[in-house]
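Observations on chain architecture
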Amino acid sequence: MNFKRAMLSAAIVWTLGVSFYVGSFLIVLMENPELQANLVLTLAVIPIAIFGAYFYYRKGDKTNGFKLGVFIFLIAMALDALITVPLFIISEGGSHITFFTDPGFWLIAVEYVLAVGLYWRLRLSRQLFTG
């Protein structure tokens, strides 16, 4: 695994994810803004994961996509603990515990890892057919 590129990909993914989450509060479509933000992030995670995986794999790396997805998610999780929670969650009455024990957080984690893993598998299968 190219750790430098994986960490850069994680930073990009985290920045995009936080931007979608925070940006969703600017347009009110639902009565529950937190639920709205989680739904927006849930929908945005798939293209964000694909972009992050594309960024990582563009140099031809062959790292297992599921391992890459877990690694990138762990880096993004650390950034959440250091930046997202203190800046956006605690100021709204939440805490690290409420943020990291929210089932939606873990659903997004699984969704992210699966999206990166499936991107990798599709990329491998495409390479088999194109030579």
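Quick caveat: nothing in here was measured; it's all calculated off a predicted structure.

1. Quick look at the side chain of Glu-111
- Locating Glu-111 in the fold gives a position in helix α5 (residues 103-130).
- Despite its burial, Glu-111 pairs with no opposite charge; the closest candidate is Arg-121, at 19 Å N-O.

2. Some thoughts on the environment of Trp-120
- Structurally, the position occupied by Trp-120 is in helix α5.
- Between the C-alpha atom of Trp-120 and that of Ala-76, which follows or precedes it by 44 residues, the distance is 19 Å.
- Setting aside residues up to four positions removed in sequence, Trp-120 forms contacts with Tyr-57, Lys-62, Thr-63, Asn-64, Gly-65 and Phe-66.

3. As for the nonpolar core
- Grouped together as the largest cluster of nonpolar side chains are 29 residues, with contacts concentrated most on Tyr-57, Leu-68, Ile-72, Phe-99, Tyr-112 and Val-116.
- Secondary-structure elements contributing two or more residues to this core are α1 (3-23), α2 (33-57), α3 (65-89), α4 (96-100) and α5.
- Take this core: its biggest share by element is nine residues, from α2.
- Setting aside residues no more than four positions away along its own chain, Phe-99 makes contact with Asp-80, Val-85, Ile-89 and Phe-105.

4. Quick look at α3
- Taking 1.5 Å of rise per residue, 25 residues should cover 36 Å, yet α3 covers just 30 Å from first to last C-alpha, more than 12% shy of that figure.
- Within α3, the full set of buried residues consists of Gly-65, Leu-68, Gly-69, Phe-71, Ile-72, Phe-73, Ala-76, Asp-80, Thr-84, Val-85 and Ile-89.
- Capping of α3 at its N-terminal end is provided by Asn-64; its side-chain oxygen lies 2.8 Å from the backbone amide nitrogen of Phe-66.

5. Some words on the pattern of salt bridges
- For the structure on display, the rule yields one salt bridge.
- The closest approach of N and O atoms between Asp-61 and Arg-5, which form a salt bridge, is 2.0 Å. Of this pair, Asp-61 sits in the loop between α2 and α3 while Arg-5 sits in helix α1, placing them 56 residues apart in sequence.

6. Digging into α1
- Its 21 residues give α1 an end-to-end C-alpha distance of 29 Å, which sits within 8% of 30 Å, the value for a rise of 1.5 Å per residue.
- Turning to α1, its buried residues are Arg-5, Ala-6, Ser-9, Ala-10, Val-13, Trp-14, Gly-17, Val-18 and Tyr-21.
- The N-cap of α1, judged by a side-chain oxygen 3.3 Å from the amide nitrogen of Lys-4 a few residues on, is Asn-2.

7. A look at the packing of α1 against α3
- Across the interface, α1 lies against α3 with an axial gap of 8 Å and an inter-helix angle of 45°. Between α1 and α3, the interaxial angle falls into the category oblique. Once α1 is placed against α3, the crossing between them reads as right-handed. Contact with α1, carried on its side by Phe-3, Ala-6, Met-7, Ser-9, Ala-10, Ala-11, Val-13, Trp-14, Val-18, Tyr-21 and Val-22, involves Leu-68, Phe-71, Ile-72, Ile-75, Ala-76, Leu-79, Asp-80, Ile-83, Thr-84, Phe-88 and Ile-89 of α3 and no other residues of that element.
- Here the residues of the contact of α1 with α3 are counted per class, giving 19 nonpolar, two polar and one charged.

About the thresholds
Residues numbered from 1 in each chain as written. Predicted model: local features only at pLDDT ≥ 70, side-chain atom pairs only at ≥ 80, totals over all residues. Heavy atoms only, no water. Helix = DSSP H or I, 4+ residues; strand = E, 2+ residues; numbered from the N terminus. Buried < 20%, exposed > 50% of the residue type's maximum accessible area, 1.4 Å probe, protein only. Lys, Arg positive; Asp, Glu negative; His and termini not counted. Salt bridge = Lys/Arg side-chain N within 4 Å of Asp/Glu carboxyl O. Contact = heavy atoms within 4.5 Å. Core = buried A, V, L, I, M, F, W, Y, C linked by side-chain atoms within 4.5 Å. Expected span 1.5 Å × (residues − 1). Polar contact = N/O pair within 3.5 Å; in protein donor to acceptor, adjacent residues only side chain to side chain. Axes fitted to C-alpha atoms, helices over the stretch in contact; angles between N-to-C directions. Parallel < 35°, antiparallel > 145°, perpendicular 65-115°, else oblique. Left-handed = near helix turned anticlockwise from the far one by under 90°. Nonpolar A, V, L, I, M, F, W, Y, C, P; charged D, E, K, R; others polar.

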